[in-house]
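Listed here are the chains, written in short residue letters.
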Amino acid sequence: AQKVTQAQTEISVVEKEDVTLDCVYETRDTTYYLFWYKQPPSGELVFLIRRNSFDEQNEISGRYSWNFQKSTSSFNFTITASQVVDSAVYFCALSPGGDSSYKLIFGSGTRLLVRP
Amino acid sequence: NAGVTQTPKFQVLKTGQSMTLQCAQDMNHEYMSWYRQDPGMGLRLIHYSVGAGITDQGEVPNGYNVSRSTTEDFPLRLLSAAPSQTSVYFCASTRTGFGDTQYFGPGTRLTVL
């Protein structure tokens, strides 16, 4: 089975707090890609990061960082010093290999609310 | 580049009506897809196309038709709208398919009464 689980339905933090969004995936493919997308209140989907299964290096981009661990099938996303503008729904997605390589399998999303 | 465009932005239909959601991209991408987003369920793939003239079903294809006569356009047709098709619809495109970033249109919010 190929699946993405985002167990945190909603998270509420106060501005400047750090927050981690969890993502656990399932696939039997050895080659696959993982993505994070942001959906702000305006509704569009904004691409944040792509990671392939052979690259386990952590990624940092400004206040955003990603921790990819194949051993636990997790691809977690941390926002440091959160801001109100970070309030959005965040989706983790899997692009499996083989015959399913054309599609994205999405988790159900985590709604992040950053309060002033 | 306009990227991926979708029309209309909002639509209200009555049960049984048909309509076409339009999607176009100007990035010369081969792969295009339609997803629907329902509360608490993330996005699910409806149909996809790997090039002009080639389409196939995704996870939730029932009640929808697609065609791809050009690289740029990938319309989604609702044959006989049902309340269960109330959703937000996203069109996406990607250059080559596997591992490439999918770029999404702004979405169409559809309500079926």
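Refer to the structure printed above.
Because the structure is predicted, anything quoted here is derived from the model rather than measured.

Engineer: Kindly report on the interface of chain A and chain B, identifying the contributing residues and their values.
Structural biologist: The figure often quoted for interface size is the accessible area lost as the parts come together. Contacts between the two partners involve 21 residues from chain A, matched on the other side by 18 residues from chain B. Both faces considered, chain A and chain B share a buried interface measuring about 1700 Å² in area, 63% of it formed by carbon and sulfur atoms. Taken as a group, A:Leu45, A:Tyr102 and A:Phe106 account for 36% of the area that chain A buries against chain B, more than any other trio of residues on that side. Applying the counting criterion to the chain A and chain B interface returns 1 salt bridge. A salt bridge links B:Asp100 to A:Arg50, with the nearest nitrogen and oxygen atoms 3.5 Å apart. There are 3 residue pairs in polar contact (both at pLDDT 80 or more) connecting chain A and chain B. The set of elements that each furnish at least two residues to the side of chain A that touches chain B consists of β5 (33–39), β6 (46–52) and β10 (88–95) of chain A. If one sorts the elements of the side of chain A that touches chain B by residue count, β5(A) sits on top with 4 residues. Of the residues contributing to the side of chain A that touches chain B, the split by class is 11 nonpolar, 8 polar and 2 charged.

Engineer: Can you explain the sheet that holds strand β1 (residues 4–7) of chain B? Please cite residues and give values.
Structural biologist: Residues and elements named next belong to chain B. Within the open sheet, the 4 strands sit side by side as β1-β3-β8-β7. Their pairing is antiparallel. Edge strands, defined here as strands with exactly one partner in the open sheet, are β1 and β7 (64–66). Taking each pair of neighbouring strands and ignoring which way they run, the sheet shows an average axis angle of 20°. In terms of strand pairing, strand β3 (residues 19–25) meets strand β8 (residues 76–78) through 3 bridges, oriented antiparallel. Across the sheet, the residue bridging to Met19 is Leu78, located in β8.

Engineer: Residues and numbers for the state of the cysteines, please.
Structural biologist: Two cysteines joined by a covalent bond between their sulfur atoms form a disulfide. Counted according to the given criterion, the structure contains 2 disulfides over all chains. Put simply, A:Cys23 and A:Cys92 are joined by a disulfide, and their sulfur atoms are 2.0 Å apart. Sign of the S-S torsion, about -65° for the bond between A:Cys23 and A:Cys92, identifies this disulfide as left-handed. Highlighted residues: A:Cys23 in the loop between β3 (19–21) and β4 (24–26) and A:Cys92 in strand β10, separated in sequence by 69 residues. For the pair shown, A:Cys23 and A:Cys92 are each scored as buried. Disulfide pairing is shown between B:Cys23 and B:Cys91; the S-S distance is 1.8 Å. Taking the torsion about the S-S bond as the criterion, the B:Cys23 to B:Cys91 disulfide, at about -70°, is left-handed. Taken together, the residues span a long stretch of sequence, with B:Cys23 in strand β3 and B:Cys91 in strand β9 (residues 87–94) at a distance of 68 residues. Residue class for B:Cys23 comes out buried when judged on its relative accessible area of 2%. Here B:Cys91 falls in the buried class, since its relative accessible area comes to 0%.

The rules behind the values
- Residues numbered from 1 in each chain as written.
- Chains lettered and ligands numbered in written order.
- Predicted model: local features only at pLDDT ≥ 70, side-chain atom pairs only at ≥ 80, totals over all residues.
- Heavy atoms only, no water.
- Contact = heavy atoms within 4.5 Å.
- Buried area = accessible area lost by both parts, 1.4 Å probe.
- Salt bridge = Lys/Arg side-chain N within 4 Å of Asp/Glu carboxyl O.
- Polar contact = N/O pair within 3.5 Å; in protein donor to acceptor, adjacent residues only side chain to side chain.
- Helix = DSSP H or I, 4+ residues; strand = E, 2+ residues; numbered from the N terminus.
- Nonpolar A, V, L, I, M, F, W, Y, C, P; charged D, E, K, R; others polar.
- Pairing = 2+ DSSP bridges.
- Axes fitted to C-alpha atoms, helices over the stretch in contact; angles between N-to-C directions.
- Disulfide = S-S within 2.5 Å.
- Buried < 20%, exposed > 50% of the residue type's maximum accessible area, 1.4 Å probe, protein only.

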